[in-house]
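This is what each chain is made of:
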Amino acid sequence: MSDLQPDEYESDLLRDGQGFVEDFDTWSSLLALEAVLDEALTEPEIAAGIRREGLRAEDARTAVLGDVTALARIRMERERAGVVFERPRRLPFRRVTVREAGWLLVTCALLVGYLRILQLTWSSMPLPFQLVGVLGLGGVIGMAVLVIGRRIPGLFVTEGGQRTREWAHPEMIGLGDRREFALREIVLPALRDHLRDHRRIRSGVNLVFEEPDASADLEASLVRTAAVKRLRRIVDRADSVAVALAGHRGTGKTTSIRSLEQGLLSRSDRAAPLVVVASAPAAYEARDFVLHLHALLCKAVLTKISTGSRTVSGRLRRRRMLRKALAFLVFWGVASSAVWLLWGGAPWRDLWTLALDVVNGRVTPQQVWTGQPTVKLLALGVVSLFLLRLVSGVVATGIAVVRFLVARRRDIRLAGFRRLTEQQLDRIRFLQTYTTGWSGKLSMPLKGEAARTWSTQRAEQQLTHPEVVDKFREFAEVSARRLDAERIAGRVVIAIDELDKIGEPDKAHQFINDVKGVFDVPGCLFFVSVSDDAVLGFEQRGLGVRDAFDSAFSEMVRLEPFTLDESRLWIALRLRGISEQFCYLAHCLSGGLPRDLKRCATEMVDIANEIYQPSLEIVARNLVMGELAGKARAFIATAATLDRSPELVALTTELLGIPGTDEPEALAGIAERLVDDDGSDAAISDLRRHSGCFVLFCATVLEVFDDTLTADRLTPRLHGLAVVRQRMAMHPKRAWDDLVKFRGEAPSQPSYR
């Protein structure tokens, strides 16, 4: 483990004279990657991760430098930066190692020694020997240059006659204003991947972990699955697109939408997007839902403008000006007192006279310095400090005024946009009624009266559905353009969540048909969570089969359950120090579904808070018994809805015996009896398969995850239990067969029995 600073690393590139000469573009790209990498290694997140995982910074540095993908992206960023720097005649200046300094000293000693010998013998040598001596001097100089060129390449680099002080010139790095982007989007993710791939693997059958850190970096804890990477590419490149998020419930569709809202899926060089999230209603009117979207967008824009506005209230501005004025007066008083005490007499008149004498040339600055006593020189120093403070204050005030005018102009633009947004919101909320009129009364003799009233009334009529859609599209486009121009938000993202919870496919299709008119707005991205049926319809495009989902969405992103490695990483990033046995247990019980994986992790934390360092068997038994109790209640409730029969009574009896059983062998026996179908009707047979498969799954988990499970028995084959958990809801017969096969192979592998 090492905590080296950037200037402590040895750069092999600066000794690579051959690469410098033969392929300067690759050499300079590696130099740029190395420079950004040395900066990234000093980031607190990376430094803490290296220390925590017991890694060496040099190994992380070598791994990233050898990453061809990172090098290719650095070359692309150099091209985008457009910094032109031709290959210099020599390598850039760098620090000299001890060995190289030794070679330099030996070479200089030989050269100085030869010159000294030649000087001492020059007068006594005949002319031919003097010529040989001169030729020998040239040979010694050439040999010294050759040694320095081979052993210390590029030692002497000059730039405009001055020796550069930097080990690598910024223009040679060639990233320009893309350096920060390269750091945040290329090098730091590569280092995070290295830390995750080489994290410390802990083994043990006792539940021990560090307390979850609420302040941990959310981006560093984000598991970048294939779907997450694709979503980020869509957010980066797309200007206007409608994307369907598909997957089973619990795979993280809502989490992906929230990650968009937190800016975790957007580039660091862009402002976080403005994300509007609306839940799809089970019963709806298309016009009302579009109005609801419009209102949510207006509220989000108003919140974003208030957050992004840098307007300072007049009261606070006056307080700041008063504080600065008081500070200046205090400084003026202290300086005046010091000058009066040091100078004596009438200091300001004498100083004014002295200044005029210097300006007119009657007194030189040298005479001022030598002709004044020490105390008056100190007074002159105080006056100089005061003048310097006055000039700097004037300059700072001028800069502040310019910034205020620029910000004021921006605030005026935002104020106009805010009024427009508020008008849109008012128009959505209310039907505005305006009444104006004039009334008069004239009294006449004999008690006669005459009166006349004029009034006009205007009531705004309700907009039709096409008009509502047009108004929404118009405002969304204006919002996206204005927020991007003011650098308040990168773009507008509108997410419609929970569409997959609409049970009937026809209703979901009708909903998409009614609202897809709001899609394809310039500068706006639309994300909609859909059911698995929509995936099938989308994938059948081009086969003569088209439906509402195919015509509405341009892309489909399917979120899959976590793989074994992704589940292990997810838990390890949140419960640091946890052993692998518990990561495998949570993955198998959850089936890789992020929602259930989070629930398992939460329950393990609760168990650890109640029991000191509980063993694997205790944790597995608590988790499995909780699952069994809940599922048993659900199975019994389902059985109560079926027609009463002898077969149903026998099934219910078996189901009632599940909660009181906690031994794996007894649970396996119950599972065998549950799936023993004796010709029952389809509903009872289906319930038997579901309940029996789940009970056998729980029995298998209890058998596998006991206190004898060591690290060498944690194999990828355990992922089969997670696959069974995923399948048992939709395909219980296939899940049962896979589970029986898994248990049948157990005797040959004692780790599973």
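Residues numbered from 1 in each chain as written. Predicted model: local features only at pLDDT ≥ 70, side-chain atom pairs only at ≥ 80, totals over all residues. Heavy atoms only, no water.

Chemist: What should I look at first to understand the side chain of Arg725 in this one?
Modeler: Within the secondary structure, Arg725 sits in helix H28 (residues 719–727). A relative accessible area of 14% means that Arg725 is categorised as buried. Of the polar contacts made by the side chain of Arg725, one reaches the backbone oxygen of Leu589; its length is 2.6 Å. Beyond its immediate chain neighbours, meaning those up to four positions away, Arg725 contacts Cys588, Leu589, Ser590, Gly591, Glu627, Lys631, Phe694 and Phe697. (Helix = DSSP H or I, 4+ residues; strand = E, 2+ residues; numbered from the N terminus. Buried < 20%, exposed > 50% of the residue type's maximum accessible area, 1.4 Å probe, protein only. Polar contact = N/O pair within 3.5 Å; in protein donor to acceptor, adjacent residues only side chain to side chain. Contact = heavy atoms within 4.5 Å.)

Chemist: Sorry if this is basic, but what is going on with the nonpolar core here?
Modeler: Inside soluble globular proteins, nonpolar side chains tend to come together where they are buried. In terms of nonpolar packing, the biggest core is built from 66 residues, with Ile578, Leu585, Leu628, Phe697 and Phe705 touching the most fellow members. Counting residues per element, this core draws most heavily on helix H27 (residues 682–704), at 12 residues. Look past the residues within four positions of Ile578 in its chain and what remains in contact with it is Arg202, Leu207, Val208, Phe209, Ile571, Cys583 and Met604. Judged by nonpolar contacts, the second largest core, of 47 residues, contains Ala242, Ala246, Val301 and Phe475. (Core = buried A, V, L, I, M, F, W, Y, C linked by side-chain atoms within 4.5 Å.)

Chemist: What should I look at first to understand helix H23 (residues 594–610) in this one?
Modeler: Structural remark: α-helix, 3.6 residues per turn; residues separated by three or four positions point the same way. With 17 residues, H23 should reach 24 Å at 1.5 Å per residue; the first-to-last C-alpha distance of 25 Å fits that figure. For H23, every residue scored as buried is listed here: Pro594, Asp596, Leu597, Cys600, Ala601, Met604, Val605 and Ile607. Of the surrounding secondary structure, the elements contacted by the buried residues of H23 are helix H21 (564–574), helix H22 (580–590) and helix H24 (616–640). (Expected span 1.5 Å × (residues − 1).)

Chemist: Sorry, what's going on with a positive patch on the surface here?
Modeler: There is a patch of like positive charges on the surface, built from Arg319, Arg320, Arg323 and Lys324. Considering the arrangement of structural elements, one finds Arg319 in helix H13 (residues 314–343). Residue Arg319 is classed as partly exposed on the basis of its relative accessible area, which comes to 45%. (Patch = residues over 30% accessible without salt bridge, like charges linked within 9 Å, V, L, I, M, F, W, Y side chains within 5 Å. Areas by Shrake-Rupley, 256 points an atom, 1.4 Å probe, with all protein chains shown as cover. Salt bridge = Lys/Arg side-chain N within 4 Å of Asp/Glu carboxyl O. Lys, Arg positive; Asp, Glu negative; His and termini not counted. Charge placed at Lys NZ, Arg CZ, Asp CG, Glu CD.)

Chemist: Is there a simple way to explain the packing of aromatic side chains in this structure?
Modeler: In this description, an aromatic ring pair is defined by two values, namely the gap between the centres and the angle between the planes. Per the counting criterion, the structure on display carries five aromatic pairs. On the basis of an interplanar angle of 45° and a centroid distance of 5.1 Å, the ring pair of Phe519 and Phe526 is categorised as tilted. Each member of the pair, Phe519 as well as Phe526, is classed as buried. Among the aromatic side chains, those forming a connected cluster through ring pairs are Phe519, Phe526 and Phe553. Sitting over the ring of Phe694, Lys631 keeps its end group 5.7 Å from the ring centre. (Phe/Tyr/Trp six-rings, centres within 6.5 Å; stacked < 30°, edge-to-face > 60°. Lys NZ or Arg CZ within 6 Å of the ring centre and 35° of its normal.)

Chemist: Explain the sheet that holds strand S3 (residues 241–246) to me, please; I cannot follow it from the model alone.
Modeler: Adjacent strands of a sheet pair through backbone hydrogen bonds, lying either parallel or antiparallel. Reading across from one edge, S4-S7-S8-S3-S9 is the order of the five strands in this open sheet, with parallel pairing throughout. With one partner strand each, in any of the chains shown, strand S4 (274–279) and strand S9 (555–558) form the two edges of the open sheet. The average angle at which neighbouring strand axes cross in this sheet is 20°, direction not considered. Across the face of the sheet, helix H10 (residues 226–237) comes into contact with S3, strand S8 (524–529) and S9 while running at roughly 150° to S9. Along the sheet, helix H17 (residues 465–485) makes contact with S4, strand S7 (492–497) and S8, crossing S7 at roughly 135°. (Pairing = 2+ DSSP bridges. Axes fitted to C-alpha atoms, helices over the stretch in contact; angles between N-to-C directions.)

Chemist: Explanation requested: the environment of Leu702 in the structure shown.
Modeler: Within the secondary structure, Leu702 sits in helix H27. Separated by 85 residues in the primary sequence, Leu702 and Glu617 have C-alpha atoms spaced 7.5 Å apart. Non-local contacts of Leu702, meaning those with residues more than four positions away in its chain, are made with Ala620, Arg621, Val624, Met625, Asp662, Pro664 and Leu667.

Chemist: Explain a nonpolar patch on the surface here, please?
Modeler: Taken together, the side chains of Val106, Leu110 and Met143 present a nonpolar region at the surface, about 270 Å² in accessible area. Considering the arrangement of structural elements, one finds Val106 in helix H6 (residues 98–121).

Chemist: What should I look at first to understand the pattern of salt bridges in this one?
Modeler: Opposite charge on two side chains lets them pair, provided their charged atoms get close. All told, the structure shown has 27 salt bridges when counted by the stated rule. Two residues, Asp686 and Arg689, come together in a salt bridge whose shortest N-O distance is 3.8 Å. Of this pair, Asp686 and Arg689 are both found in helix H27, three residues apart, which corresponds to roughly one turn of the helix. Take Asp686: its relative accessible area is 33%, and that puts it in the partly exposed class.

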